[in-house]
Amino acid sequence: IADKDKPEAIFLLTRFAALGFELYATDGTAKALENAGCKVIRVNKIAQGTPHVVDMIRGAQIDVVINTLTKGKTPTRDGFRIRRAAVDLNIPCLTSLDTAQSVLHVMEKFKEGRQVNYISLQEYFMEK
């Protein structure tokens with residue numbers, strides 16, 4: 001999670017944890033989660049050596065990735081490599097906290113036993 005996104009992300013991630021998700025994070029995000037009272041498993045950044053976050057993605061230990069953009073789409077940056085690994089292995093990869101919020105909202109409603117109404121994008125645009 002980019003530093004600029006941490007306050008909003010921590011709020012969302014603690015709610016994912018409340019739904020039963022096990023959270024994995026590199027040092028900065030892990031520290032922010034711990035400060036918020038959330039249980040988190042620390043993982044290495046790529047430069048810190050294996051096993052690192054991309055190893056975990058490739059090893060099928062990660063089911064969903066939330067990775068917000070930092071300084072662009074440079075292929076050598078960790079974020080780019082994390083997103084690339086997720087996409088290559090068909091693991092859902094959320095790069096927008098708005099999208100993560102929407103996914104979380106639906107999951108919370110399902111857990112409460114409530115129905116979520118939705119329409120396809122095609123239907124949405126046909127109504128306009």
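To keep things clear, this report deals only with the structure shown in the data block. (Residues numbered from 1 in each chain as written. Predicted model: local features only at pLDDT ≥ 70, side-chain atom pairs only at ≥ 80, totals over all residues. Heavy atoms only, no water.)

**Focus: the packing of aromatic side chains**
- Across all of its chains, the model carries two aromatic pairs by this definition.
- Here the aromatic rings of phenylalanine 16 and phenylalanine 21 are separated by 5.4 Å at their centres, their planes lie at 90°, and the arrangement is edge-to-face.
- Here phenylalanine 16 falls in the buried class, since its relative accessible area comes to 6%.
- Ring geometry for tyrosine 124 versus phenylalanine 125: centroids 5.2 Å apart, planes at 80°, classification edge-to-face. (Phe/Tyr/Trp six-rings, centres within 6.5 Å; stacked < 30°, edge-to-face > 60°. Buried < 20%, exposed > 50% of the residue type's maximum accessible area, 1.4 Å probe, protein only.)

**A look at the nonpolar core**
- Ala9, Leu12, Leu13, Leu23, Ala25, Leu33 and Val40 are the most contacted members of the largest nonpolar core, which has 16 residues in total.
- Breaking this core down by element, the ones donating at least two residues are helix H1 (6-18), helix H2 (27-35) and helix H5 (97-111).
- If we skip the residues at most four places from it in the chain, alanine 25 touches Ala30, Leu33, Val40, Ile41, Arg42 and Val43.
- Listed in part, the twelve residues of the second largest apolar core include Val43, Ile46, Ile82 and Ile91. (Core = buried A, V, L, I, M, F, W, Y, C linked by side-chain atoms within 4.5 Å. Helix = DSSP H or I, 4+ residues; strand = E, 2+ residues; numbered from the N terminus. Contact = heavy atoms within 4.5 Å.)

**Regarding unusual backbone geometry**
- For the bond running from threonine 50 to proline 51, omega is -5°, close enough to zero to count as cis.
- Within the secondary structure, proline 51 sits in the loop between strand E2 (41-42) and helix H3 (53-58).
- Positive phi, close to 60°, is recorded for alanine 60, a residue that is not glycine.
- Structurally, alanine 60 is set in the loop between H3 and strand E3 (65-66).
- At asparagine 90, a residue that is not glycine, the phi angle is positive and equals roughly 60°.
- By the secondary structure assignment, asparagine 90 is in the loop between helix H4 (78-88) and strand E4 (93-94).
- A residue is classified by how much of its surface remains accessible, and asparagine 90, at 72% relative accessible area, is exposed.

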